[in-house]
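# Remarks on the overall topology
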Amino acid sequence: MASLPLPPTPNPSLPPPTNTSKTNNSLKFNTTHLTKLHHNHHNPNPQTLYKSYFHQISSLCKQGLIQQAFSLLNEIESQTLQIGPEIYGELLQGCVYKRAVSEGLQIHARILKNGALFAKNDYIETKLIIFYAKCDLSAIADGLFRRQRGPNVFSWAAMIGLSCRNGLNKEALMGFVEMLENGFSPDNFVVPNALKACSALRLDGFGRCVHGYVVKMGFGQCVFVSSSLVDFYGKNGELVEAQKAFDGMSERNNVAWNSILMGYVQNGLNEEAMEVFYNMRIDGVEPTRVSVSGFLSASAGAEASFEGRQGHAVAVLSGLRMDDILGSSIINFYVKVGSVEDAEIVFDRMVERDIVTWNLLISGYVKDGQLEKAINACRRMRWEENLRFDSVTLSSILTACADSGNLVLGKEAHCFCIRNSLESDSVVANCVVGMYAKCERIENARRVFNRTKNRDLVLWNSMIAAYARLGFSGEALNLVYRMQLEGVPPSTVSWNAVILGFTRNGQVEEAKDMFLQMGSTGLEPNLVTWTTLINGLAQNGYGHEAVQTFHRMRAVGIRPNGMSIVGLLSACTSLASLDHGRVAHGYAIRGGFLSSSVSKVALVDMYAKCGSITSATNAFEKIPNKELALYNTMISAYALHGEVKNAFSLLRQMQEEGIEADGVTFTCLLMAFDADARMLGSLVDACREHGEIALGEYLLQCLFELEPGNLGNYVAPSKRDAESGRWGEALRVRKDSGRSWIHVDGDAHAFVTGDGSHPRRESINGILKCLEWEMRGSSDCSLQVDLRREVPCS
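Rules used in this analysis
- Residues numbered from 1 in each chain as written.
- Predicted model: local features only at pLDDT ≥ 70, side-chain atom pairs only at ≥ 80, totals over all residues.
- Heavy atoms only, no water.
- UniProt positions renumbered as here; feature names shortened; annotations may be inferred.
- Helix = DSSP H or I, 4+ residues; strand = E, 2+ residues; numbered from the N terminus.
- Phe/Tyr/Trp six-rings, centres within 6.5 Å; stacked < 30°, edge-to-face > 60°.
- Buried < 20%, exposed > 50% of the residue type's maximum accessible area, 1.4 Å probe, protein only.
- Axes fitted to C-alpha atoms, helices over the stretch in contact; angles between N-to-C directions.
- Parallel < 35°, antiparallel > 145°, perpendicular 65-115°, else oblique.
- Left-handed = near helix turned anticlockwise from the far one by under 90°.
- Contact = heavy atoms within 4.5 Å.
- Nonpolar A, V, L, I, M, F, W, Y, C, P; charged D, E, K, R; others polar.
- Patch = residues over 30% accessible without salt bridge, like charges linked within 9 Å, V, L, I, M, F, W, Y side chains within 5 Å.
- Areas by Shrake-Rupley, 256 points an atom, 1.4 Å probe, with all protein chains shown as cover.
- Salt bridge = Lys/Arg side-chain N within 4 Å of Asp/Glu carboxyl O.
- Lys, Arg positive; Asp, Glu negative; His and termini not counted.
- Charge placed at Lys NZ, Arg CZ, Asp CG, Glu CD.
- Expected span 1.5 Å × (residues − 1).

## Things to note about the UniProt feature "repeat: PPR" (unreviewed entry) in the chain
Within this structure's numbering, the places UniProt gives as "repeat: PPR" (unreviewed entry) are residues 152-186, 253-287, 354-384, 456-490, 491-525, 526-560 and 627-661. In the segment residues 491-525, helix accounts for 74% and strand for 0%; the C-alpha atoms at its two ends are 10 Å apart. Secondary structure within residues 526-560 divides into 74% helix and 0% strand; the distance between the first and last C-alpha atoms comes to 10 Å.

This is the structure we're talking about:
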């Protein structure tokens, strides 16, 4: 950028008197210089002396020594030298460097005091506009700009830059166009601001026109402009164009490398971003806080814990200051990769900690399930650092309450929101609604929703999702219709929640109707919509329709994800179709959709339930880094196919790898065979030892039914009850040992030792005597009865 031209230096009219003012230490050299000038020249040339003053003031301003420069100004004013506009211009530029608003206002006041000759000077006007614009005093800068008789490239550049910094991107682009229309050529300082505004407004076409202007004007070799082009294309998701602009640069500085790095990070291309960081290091470019922060973000996104730790080491070795910006990036990385302890260490070593840093740590505790630590961190933030909770803090607390089901703490957080007038915040209201919904207090959630005045789309969707999650599909649909009446058009998220609610209630036809109705409103079903419908159909036994829906999704050009594949595999499982399952498996491999643990579990489960334990085993063995859920699925598969030895062998393998079994594991193992008398007897003993009386009674009855003729089943429990002093229980079990039952035509007949209450006891006793005689070898039985007619036996 060309420098602002100086006005001609005025000739001082009178020589200055000798210097008698005192100066501080930083001005000793300057004073000595002037003293020598006086000593060597008894009558120094006023113009020479004035130039000396000017150069000294200019030097002090560039060094940021504004007060010393003001001291020299006061010294000049005490002389009879006439001060020209160039000195005021230098002082204003010094105020820009230091953002010294108070001193700049003083300069402006002195300019006005000198009259219109100075105040209406183009050079001074431009310098004032630049000063107020750089100091973000928009109203004053705008007023001066509008009153300027002839705006120039410098004043235009200042105002366009001011608009960009204040987020007035549309005004910045309008200024860019107006500047061109008035015959001024935007320079290499204006063009980056125009590109920045295009990025913010998502005006891809306008940005390409600016790129064309850059080529036409020959700004392509300017590092500043080229970096802005890389940044523009990166923020618009056009990474190929961004890389072309980067590759075409003859010189690359930190800004250029950071632009391409952040372009990949912002578009989720984490591995590419990490590669850019490595290349930057190879190229010998020293990383900045932006570089390291971007690399850490990419490492977190790629779950690359080792690489992220290297980035942390680079920051330390490069001597980068662990301020709130860099520190927050490192904490965010450790939180996202699950290393909360490391995040704590970095947090404790930070010199500066702001609300963002605290919120990151609290969020990390919440995600790690450490609710107590999250609450303690909130207390420390309030009492140690005197920081107030903001919407992010409260959102973390409410999320923790929702995940843990802690309704009491959730209500306390809600009360805090009310007391501090934060309930109207849409983010907080959304979290409060979510908290009550997850705690199954849907009435409380609805009251919060109804009291929120400014309900945005997110809040509407949260309430709809809450109803859908709890199975109130009708209420969810009513809210969709109501939000339309209130002028809030439903989004794809709204319809997805309703479809989910219907499928969870088994209302498949209604879910399909919602799918069609969504399309009639002009909203195209997205990946989540299709996946929700596919999974809903599969879970409700509509396997064929789920498979057909999957193929329809692919036909309209939507690429499946891991959850879509899970739905497809579930559909194949419900159909018990091994052929369909193998096709789905092949598609999942080609598409790289088997990275999630859910999809791996679904694959193994599909093969097992479709009858191919061999394929299930092969799929299981090919999966590295097996998790508990996968082991449980394979154990269940072996149990389903009666392979007990393999099931227990897999349990031992799991334990050798340090994976602890849970209740599901043992439930899967007990699918493997039916309970026998020994197992039930052991469980009865365990129940009596641990005071589980009711469960013990139930298991004891199961044991009696399993082996009704085994008197040991009665004697052992009776003996243990007697030894423990439970005589009533012992007597009852002893009596139970002499009881038997028979069923005749649906009626039960009980027989107890010593009991003569049966209405047909005489006939029964006669038959018993006859049987006794026969067993003793006697055939003389005078009692002749029709056993089928007289005796109640089966």
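Moving on from the coordinates now.
## Brief notes about the packing of aromatic side chains
If you walk through the whole model with that rule in mind, you get 18 aromatic pairs. Ring geometry for Phe389 against Phe416: centres 5.2 Å apart, planes inclined by 50°, an arrangement best described as tilted. Of this pair, Phe389 sits in the loop between helix H22 (371-383) and helix H23 (391-404) while Phe416 is found in helix H24 (residues 407-419), placing the two residues 27 residues apart along the sequence. According to the relative accessible area criterion, Phe389 is buried, its value standing at 15%. Geometrically, the ring pair formed by Phe449 and Trp460 is edge-to-face, given 5.0 Å between the ring centres and 80° between the ring planes. Here Phe449 is found in helix H26 (residues 442-451), whereas its partner Trp460 is found in helix H27 (residues 457-469), with 11 residues between them in sequence. On the basis of relative accessibility, which here comes to 0%, the residue Phe449 falls in the buried class.

## A closer look at the packing of H26 against H27
The contact between H26 and H27 brings their axes to 11 Å, and the two run at 165°. Our classification of the angle between H26 and H27 gives roughly antiparallel. Helix-helix and strand crossings are classified by hand; for H26 and H27 the assignment is left-handed. Contacts between H26 and H27 involve Ile442, Ala445, Arg446 and Phe449 from the former and Leu459, Trp460, Met463, Ala466 and Tyr467 from the latter. Residue composition of the contact of H26 with H27, by class: eight nonpolar, no polar and one charged.

## Points about a positive patch on the surface
On the surface, a cluster of positive charge is contributed by Lys411, Arg441, Arg447 and Arg451. Secondary-structure assignment places Arg451 in helix H26. Classification of Arg451 by relative accessible area gives exposed; the value is 58%.

## Describing H22
Compared with an ideal rise of 1.5 Å per residue, which puts 13 residues at 18 Å, H22 spans 19 Å between its outermost C-alpha atoms and is within 8% of the ideal. The inward-facing, buried residues of H22 contact helix H21 (355-367), H23 and H24.

## Comments concerning a nonpolar patch on the surface
Together, Leu768, Leu771 and Met775 give the surface a local cluster of nonpolar side chains, amounting to about 340 Å² of exposed area. Following the sequence through the fold, Leu768 ends up in helix H44 (residues 761-775). We classify Leu768 as partly exposed; its relative accessible area is 49%.

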